[in-house]
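# Architecture at a glance
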Amino acid sequence: MTEIGKPVPQPTPESQPYWDGCLRGELLYQHCAACNRAQFYPRSACASCGATALEWRRSEGRGTLHAVTVVYRPPSAAFKPDVPYAVALVDLDEGFRMMANVLSAAPEAVAIGDRVTVTFERRGDIALPQFRPCASPGEDL
Ligand SMILES: [Zn+2]
């Protein structure tokens, strides 16, 4: 029987700095100086104003859940041991939004408005950002 692993993203020239950051345990995002907006996912131009002079910035990795769903049916056999698990849209404090898993012992209890902090899951040559609930109010700052 062939074991099918979890999929890994393929970095592109635009996203390579982002993935390199993840390997160092840093969550990077793009910032546009022309219109002062944060952007995620990485692109070659600002989605808001079209400027191409984008700067990489490091996020503190903390955010608030904008939306949450719980996955009960694994998308492939590789995810079978993980279900149920929570997937969320996370609004990072720097002003960008991303989708990621929320690692929690009680995925059904993960809720909109929860504060979360980033963590990285190593998958081969890639480190994938995931989030976990902030353990204490102090961690929320
Ligand atoms: Zn812009």
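Residues numbered from 1 in each chain as written. Predicted model: local features only at pLDDT ≥ 70, side-chain atom pairs only at ≥ 80, totals over all residues. Heavy atoms only, no water.

Bringing the pairing of strand β4 (residues 62-71) into the picture now. Sheet topology note: the β4/strand β7 (residues 115-123) ladder contains 3 bridges and is antiparallel. If you follow G63 over to β7, its bridge partner there is V116. Bridge count for β4 against strand β5 (residues 85-92) is 8 bridges, and the pairing is antiparallel. Of the residues in β5, the one forming a bridge with V71 is Y85. (Pairing = 2+ DSSP bridges. Helix = DSSP H or I, 4+ residues; strand = E, 2+ residues; numbered from the N terminus.)

In globular proteins that are soluble, nonpolar side chains generally tend to be buried together. L27, L65, V90, L92, M98, V102 and F131 are the most contacted members of the largest nonpolar core, which has 21 residues in total. Broken down by secondary-structure element, the contributors of at least two residues to this core are α1 (16-23), β1 (27-32), β5, β6 (97-102), β7 and β8 (126-133). Not counting chain neighbours up to four residues away, the residues in contact with V90 comprise G63, T64, L65, F96, R97, M98, V116 and F131. Counting residues in hydrophobic clusters, the runner-up holds 5 residues, among them V71, A78, Y85 and V87. (Core = buried A, V, L, I, M, F, W, Y, C linked by side-chain atoms within 4.5 Å. Buried < 20%, exposed > 50% of the residue type's maximum accessible area, 1.4 Å probe, protein only. Contact = heavy atoms within 4.5 Å.)

The next subject is the sheet that holds strand β3 (residues 54-59). The strand order β2-β1-β3 describes an open sheet built from 3 strands, whose pairing is antiparallel. Both edges of this open sheet fall to β2 (37-39) and β3, since each of them pairs with a single strand only. Adjacent strand axes in the sheet meet at a mean angle of 40°, parallel and antiparallel pairs treated alike. Pairing of β1 with β2, which is carried by 3 bridges, proceeds in the antiparallel orientation. Within the sheet, the bridge partner assigned to C32 lies in β2 and is R37. Running at roughly 145° to β1, α1 makes contact with β1 and β3 of the sheet. (Axes fitted to C-alpha atoms, helices over the stretch in contact; angles between N-to-C directions.)

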